[in-house]
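One-letter residues, chain by chain:
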Amino acid sequence: MALPCVRLCARHKRIGLEVCGYATLSKAPRPQERNNDGPVFQYVGTNRKPNHKVFVWGFSFTGALGIPSFVVPNSGRKKPRKYQLTPYRLETEDQISSAACGYGFTLIASSTKDVTKLWGMGLNKDSQLGFQRTQHSRHQSYDYVLEPSPVALPLGRPQQTRVVQVACGRAHSLVLTDQEGVFSMGNNAYGQCGRQMVADEVYSGSHVIHKVEGFNSRVVQVACGQDHSLFLTDEGRVFACGWGADGQTGLGHHNITSRPVEVGGELAGVEVQQISTYGDCSLAVSRDGQLYGWGNSEYLQLASVTESTQINSPQRLPLTGCGRVVQAACGGTQVAVLNEKGEVFVWGYGILGKGPKLSESSTPELIPATLFGRSEFNPSVAVRRIHCGLNHFAAITDGGELFVWGKNVRGCLGIGKKDDQYFPW
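Below is a short write-up of the structure. Counting from 1, residues in each chain are numbered in the order their sequence is written. Only residues with pLDDT of at least 70 get local features here, since the model is predicted, and only at 80 or more are side-chain atom pairs given and counted; chain-wide, interface and lining totals rely on the full set of residues. In computing side-chain properties, one takes all heavy atoms of the structure into account and sets aside hydrogens as well as water.

1. Things to note about the overall build of the protein
Phase 1: Helix and strand assignments follow DSSP, with helices taken as H or I runs no shorter than four residues and strands as E runs no shorter than two, numbered in order from the N terminus. Within the protein, the secondary structure is distributed over two helices and 28 strands.
Phase 2: A buried classification covers 53% of the 425 residues belonging to the protein.
Phase 3: Sequence-distant contacts in the protein: of pairs separated by 6 or more residues, those separated by 24 or more amount to 52%.
Phase 4: As displayed, the protein offers around 19500 Å² of accessible surface, 46% of which is attributable to carbon and sulfur atoms. Relative accessibility under 20% of the residue-type maximum defines a buried residue, over 50% an exposed one, and the middle range a partly exposed one, all with a 1.4 Å probe and only protein chains included. Contacts between residues were defined by any pair of non-hydrogen atoms, one from each residue, lying within 4.5 Å. Using a 1.4 Å probe, accessible areas were evaluated by the Shrake-Rupley method; residue-level cover was limited to the displayed protein chains.

Structure follows, in structure tokens:
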């Protein structure tokens with residue numbers, strides 16, 4: 001199943017037709033010349049405050065985009081809208097600070113201290129959006145949620161605790177709070193929710209929202225693979241649980257683990273600053289800028305240290321010419337890293353971003369900075385954040401511009417067409 005996409009927009013600084021730019025461009029003043037020094041373009045006022053809006057695009061048939069009329073047409077539309085090919089504004093009453101997309105479902109969260117601070121939409125057959133009570137029975141839960149619906153967390157101090165981050169896997173979700181730890185919900189067939197597995201458990205209509213225990217210090221980041229989970233603590237330690245058949249838990253075996261266990265291997269004694277997983281490969285970036293990897297390497301994600309298709313224990317990945325790594329992103333078949341200079345390197349299998357002739361690489365390939373807007377007129381452009389879906393990439397520059405490329409499955413790139421994108425757009 002293709003994934004929906006959610007973009008949190010904190011500014012409207014756009015040059016060219018990109019996400020978050022449509023409204024701004026239509027109101028932009030015409031270019032004016034000052035003397036003969038050339039045109040001066042002013043798209044956004046220098047004193048304008050950032051506006052926090054949410055845009056969605058991609059596969060809408062499960063309700064994951066949160067727009068009910070896409071699934072059940074209103075009087076103004078005759079047919080359902082199966083795909084939304086361009087960014088569409090999602091109206092929310094609260095300021096959204098975190099969002100995550102799973103397989104046909106979406107979680108969004110606000111850092112508010114209000115009682116309601118988490119919402120879900122889309123597929124809910126495994127209660128990955130919590131118990132969504134139907135109008136007809138308080139004992140039944142909706143399998144599909146067509147608009148953002150509140151998810152009630154079992155918080156001890158609901159008016160003091162904030163949601164920091166959300167993460168979504170194939171059919172499970174993680175919610176990180178600032179004061180009350182991590183909560184999990186959804187399918188736990190492989191222990192990915194960090195709780196004991198129950199034989200023949202029925203996940204549909206489940207009320208279970210589990211507080212994940214077993215950490216030696218505060219968790220500061222969570223990440224969901226397809227059926228496993230990673231946790232990073234403030235001491236720089238990584239914990240994992242769930243499906244381990246490809247070694248993606250990094251615990252030195254290929255078994256299922258139903259409670260968080262600290263990841264060792266070459267990560268032992270290393271302080272980690274960021275973790276990433278999405279499919280069955282896992283990555284960690286240390287505080288000194290080194291990259292570590294484990295799990296599936298069927299698509300050459302870990303080819304720098306092994307010829308095998310799996311590694312069940314973390315190993316440091318030697319990245320020649322990449323410099324100090326500050327962030328890593330791991331998709332289904334591909335990997336990306338961002339260095340302190342704002343440069344992006346990619347490898348693995350698929351559409352990597354350097355044209356149709358490059359579909360596989362075991363070594364990091366630099367994406368030219370010009371593809372992210374650097375030029376003689378704008379020489380300081382740098383990428384500040386990167387992300388991977390199953391088969392596509394995204395990058396955000398220091399100017400707030402979003403670039404996407406890769407397989408455009410069911411419109412997941414949001415570029416207004418169904419074609420794949422071989423270069424950052």
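2. Some remarks on the environment of V263
Phase 1: Here V263 shows up in the loop between β17 (257-262) and β18 (272-277).
Phase 2: According to the relative accessible area criterion, V263 is buried, its value standing at 4%.
Phase 3: The residues contacting V263, other than those within four sequence positions of it, are V238, F239, A240, T249, G250, L251 and P314.

3. Here we look at the pairing of strand β26 (residues 383-388)
Phase 1: By the bridge criterion, five bridges tie β26 to strand β27 (residues 392-397) in an arrangement that is antiparallel. Each residue of the ladder has a partner; that of R385, found in β27, is I396.
Phase 2: What sits between the antiparallel neighbours β26 and β27 is a turn of three residues. Strands pair, by our definition, only if DSSP identifies at least two bridges between them.

4. So, the sheet that holds strand β22 (residues 325-330)
Phase 1: With antiparallel pairing, the four strands of this open sheet are ordered in space as β22-β23-β24-β25. Looking at which strands have only one partner, the edges of the open sheet turn out to be β22 and β25 (360-367). Direction aside, the axes of adjacent strands within the sheet are offset by 15 degrees on average.
Phase 2: Two elements, strand β24 (residues 344-349) and β25, share five bridges in a ladder whose sense is antiparallel. Bridge assignment links G348 to a residue of β25, and that residue is S361. Note on method: axes are straight lines fitted to C-alpha atoms, helices fitted across the in-contact stretch only, with angles between N-to-C directions ranging 0 to 180 degrees.

5. With respect to the packing of aromatic side chains
Phase 1: Two rings from Phe, Tyr or Trp (for Trp, the six-membered ring) form a pair when their centres are within 6.5 Å of each other. A pair whose planes differ by under 30 degrees is stacked, one over 60 is edge-to-face, and the rest are tilted. Summed over the entire model, instances satisfying the criterion amount to 10 aromatic pairs.
Phase 2: Where F59 meets F61, the ring centres are 6.5 Å apart and the plane angle is 45 degrees; that geometry is what we call tilted.
Phase 3: By way of ring pairs, the aromatic residues F372, F393, F403 and W405 are connected into one cluster.
Phase 4: Only when the NZ of Lys or the CZ of Arg is both within 6 Å of the ring centre and within 35 degrees of the ring normal is a charge said to sit over the ring. Positioned over the ring face of F59 is R410, at 4.4 Å from the centre of the ring.

6. Things to note about unusual backbone geometry
Phase 1: Even without being glycine, D200 reaches a positive phi, approximately 60 degrees.
Phase 2: Tracing the backbone through its elements, the reader meets D200 in the loop between β12 (182-186) and β13 (210-212).
Phase 3: The class for D200 is exposed, based on a relative accessible area of 78%.
Phase 4: Not every positive phi belongs to a glycine, and R410 is a case in point at roughly 55 degrees.
Phase 5: With respect to the secondary-structure elements, R410 resides in the segment after β28 (402-406).
Phase 6: For R410, a relative accessible area of 33% translates into the label partly exposed.

7. Here's the deal with the pattern of salt bridges
Phase 1: When a carboxyl oxygen of Asp or Glu lies within 4 Å of a side-chain nitrogen of Lys or Arg, that pair is called a salt bridge. Evaluated as defined, the whole model comprises eight salt bridges.
Phase 2: Note that R237 and E235 form a salt bridge whose closest N and O atoms lie 3.8 Å from each other.
Phase 3: Look at R237 and you get partly exposed, because its relative accessible area is 35%.
Phase 4: Among the ionic pairs, E262 bridges to R237, the shortest N-O distance being 3.8 Å. Residue E262 is found in strand β17, and its partner R237 is found in the loop between β15 (228-233) and β16 (238-242); the two are separated by 25 residues along the sequence.
Phase 5: Counted as one network, the salt bridges with shared partners bring together E235, R237 and E262.

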